[in-house]
Structures are given as C-alpha cells and as structure tokens.
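Spelled out, the chains give:
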Amino acid sequence: MYFAAALAVLLPAVAGPLLAYGPGRRWPRSRLAGRARAALSALVATIGRPATAVAFLLAWVAAVVAVFWPLGELAHRLESTVDVPVHAWLSTRLDPSFARLNWVYTALGDRAPLKVVTVVGALVFAVLWRRRFWIPLLAILASFPLEQYVQAILATMVDRGHPPTGLGTYPSGGVARIVMTFGALALFAALTFRFGRRARVGLGTAVLVLAVAEGYTRMYVQKHWLTDVITGVLFGPALFVGWAVAVLILAGPVRRPRPGDARPAPGEARSDGAGSVRPHPGVRPAGAVSTLVSAGRPGTGPELAP
C-alpha cells in the first residue's frame, strides 16, 4: 500500500504536464475546437455573455450526467467482483499509523473545510478584480453547490450504496470537491496574474495531485469503493472543464499585455487605442479550456466578443 501511495502522487505529477503539452496543445488547433469557438461567438452575439455562459454550463452538466450515469451502473455491476475483494484485501493490511495519516489528509476533501476555502477565495479574487468583482464572487461561490448537486443527482440515479465501513457513494464527492475548489482558485489565479505557461501547467498539475491523493486516502480509510474513487477522479475534472469554459465566456476576451501597456487591475477594462474598450483579466489561461473560447487568428488572443 505504500507503493500505491507513492504512485498516487507520482502518476498525476507526470500525467499533468504530459496532458498539457500533448492534447492540451493539439486540441486548440483541431477542427472541432474551431467550430466550438464559432458557435460560442455566434451565441454570445445573439444572447450575450451571461446567458451564453449559463446555457453552456447547463448543457455541459447534462452531458456529464449522461456519461457518468451508465458508468455508475457499470461500477455497480463490478461491486461484487472488484470492490468487495479490494475492500476485504485492504481490511487485512491496514497500518494503524499510516491510517491515521490518511484520515488527516482525507479530511481536506470534506465539505466544511472546502466551504471556508471557497468563500475566502471568492472574496480575495473579488477584491483583486475590483470593478468586475461579481465575476469571481459569483463563479467561485457557484462551483461548490454545482459539484454538490450534480454529484447528488448521479448518486440518486445510480443508488449503489456504500462500503460497510463508510458512507461514501458514487462518485467520490471528496475527490470532485478538491478538483472544483482548488481548480477554481487556480483558474482565477491564472486569469489574474502574469503567469507563464509553465506556472499554469504547474497549478493544474498540483490540483490533479491533490485530487488523486485524496482518492487514495478515501479508499485506504475505506470510506469509498475503489470504483467510486476512480470515477470521482474522472468526474471532477469533467465537471470542472464545463465550469471553467463558462467562466471564460463570462469574463470575456483575455489578452496578454503588450510592452509599454499600463497594467490595469484584474478584471478592469482598458482602451486598445482605437476608442474601444476591452477587458483585461490578466493572462491567457492554458490548455484546451482556455482555447475553446479563443480566436482562430494566431497571436491575437481570444476574440469571443462580437
């Protein structure tokens, strides 16, 4: 189990950069990404940014439920052949000292501490964004109930029960909460400050490591079945991607500052020299999430606004 604990840290630490520099770079150049940008731009021109962000998020949530409902039914079918034997195997190999350490870490994914982190993070970024304070305040605060309700919908639809030693259900909410809470803070940090690509990849990788480690501890302390944890590691990022794209739609175009430009406060507008005003949250976020709402012209930054 010590070897598995090490893998729970090392694997996401390696997978994060590989995903960012592999699919994360290829996706923005794909034809599907271009069509998605065009569709979102047309929708923004028709109904505006807030309505587009809400419509996109609702559609994404429906897609997440449609995917993870059958996955939950599959996990339920595997309970007797996978989950119960793994649970029994763990029961005979628990180290009391190591278990105490896991109990300490797994509390990070509980609702109470993450509520505090969510509220504090929303207030901090609201102050940093000044005139557009409502964007981080609304978006970060909404990330917590979003995960709670979608996870509850899936748990009700699948209704698979929990291990005899815990109350965790499908999918692992602790893992998903870690992704949504710290992922939200990482996204707004990338939108607020002048981070380079390596720093943005490092932030995303750190969130992934926290989530996978949380999944390991939830399984080790026997709060969840193994398949709950695996699907939680997939469910959290899947839900986060939709939330993040909705945030980027709401925040508007994001451009890198040019040499000689005065640096405005995060989220404030600035003139582009031609009489028009464009928002400047900070820097362009990394990966497929950021480029989903970026323009097709290289080097110009996102151009989602009509």
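On a predicted model such as this, the values are computed, not experimentally measured, just so you know.

Student: Hey, could you run me through the nonpolar core in this one?
Tutor: Soluble, globular proteins show a tendency: their nonpolar side chains are buried together. Residues Leu146, Phe188, Phe235 and Trp243 are the most contacted members of the largest nonpolar core, which totals 49 residues. Breaking this core down by element, the ones donating at least two residues are helix 3 (31–47), helix 4 (49–77), helix 7 (111–129), helix 8 (134–158), helix 9 (173–192), helix 10 (197–220) and helix 11 (226–251). When residues in this core are grouped by element, the largest group, 13 residues, is from helix 9. The residues touching Leu146, leaving out its near neighbours within four places in the chain, are Leu57, Val61, Met180, Leu239 and Trp243. Formed by ten residues, the second largest nonpolar core is a distinct cluster that contains Ala8, Ala99, Tyr216 and Val229.

Student: Quick question: what am I supposed to make of the environment of Tyr216 here?
Tutor: Relative to the assigned elements, Tyr216 resides in helix 10. Residue class for Tyr216 comes out buried when judged on its relative accessible area of 8%. Spatially, the C-alpha atom of Tyr216 lies 6.6 Å from that of Ala8, the residues being 208 residues apart in sequence. Not counting residues within four places of it along the chain, the set of residues in contact with Tyr216 comprises Met1, Ala4, Ala5, Ala8, Phe98, Asn102 and Val229.

Student: Looking at this structure, I do not really get the confidence of the model for the protein chain. What am I missing?
Tutor: Do not read the fine detail of predicted coordinates wherever pLDDT is low. Predicted confidence across the protein chain gives a mean pLDDT of 82, with 82% of residues reaching 70 or more. Segment residues 254–263: pLDDT under 50, and 26 contacts once partners within four positions in sequence are set aside and those in other chains are kept. Segment residues 268–306 is flagged for pLDDT under 50; beyond a separation of four residues in sequence, or across chains, it makes 118 contacts in the model.

Student: What should I look at first to understand the environment of Pro23 in this one?
Tutor: Within the fold, Pro23 resides in helix 2 (residues 23–26). You can call Pro23 partly exposed: its relative accessible area is 38%. Not counting the four nearest positions on each side in its chain, Pro23 is found in contact with Leu18 and Pro28.

Student: Can you help me understand unusual backbone geometry in this one?
Tutor: Apart from glycine, the bulk of residues carry a negative phi angle, and the bulk of peptide bonds sit in the trans form. A cis amide bond links Tyr170 with the next residue in sequence, Pro171, at an omega value of -20°. You can see Pro171 is positioned in the loop between helix 8 and helix 9. Residue Arg130 is not a glycine yet carries a positive backbone phi of 55°. Here Arg130 shows up in the loop between helix 7 and helix 8. The phi torsion at Asp159 lies on the positive side, around 50°, for a residue other than glycine. Looking at the element boundaries, Asp159 is found in the loop between helix 8 and helix 9. The exposure class of Asp159 is exposed, given its relative accessible area of 60%.

Cut-offs applied
- Residues numbered from 1 in each chain as written.
- Predicted model: local features only at pLDDT ≥ 70, side-chain atom pairs only at ≥ 80, totals over all residues.
- Heavy atoms only, no water.
- Core = buried A, V, L, I, M, F, W, Y, C linked by side-chain atoms within 4.5 Å.
- Buried < 20%, exposed > 50% of the residue type's maximum accessible area, 1.4 Å probe, protein only.
- Helix = DSSP H or I, 4+ residues; strand = E, 2+ residues; numbered from the N terminus.
- Contact = heavy atoms within 4.5 Å.
- pLDDT = per-residue confidence, 0-100.

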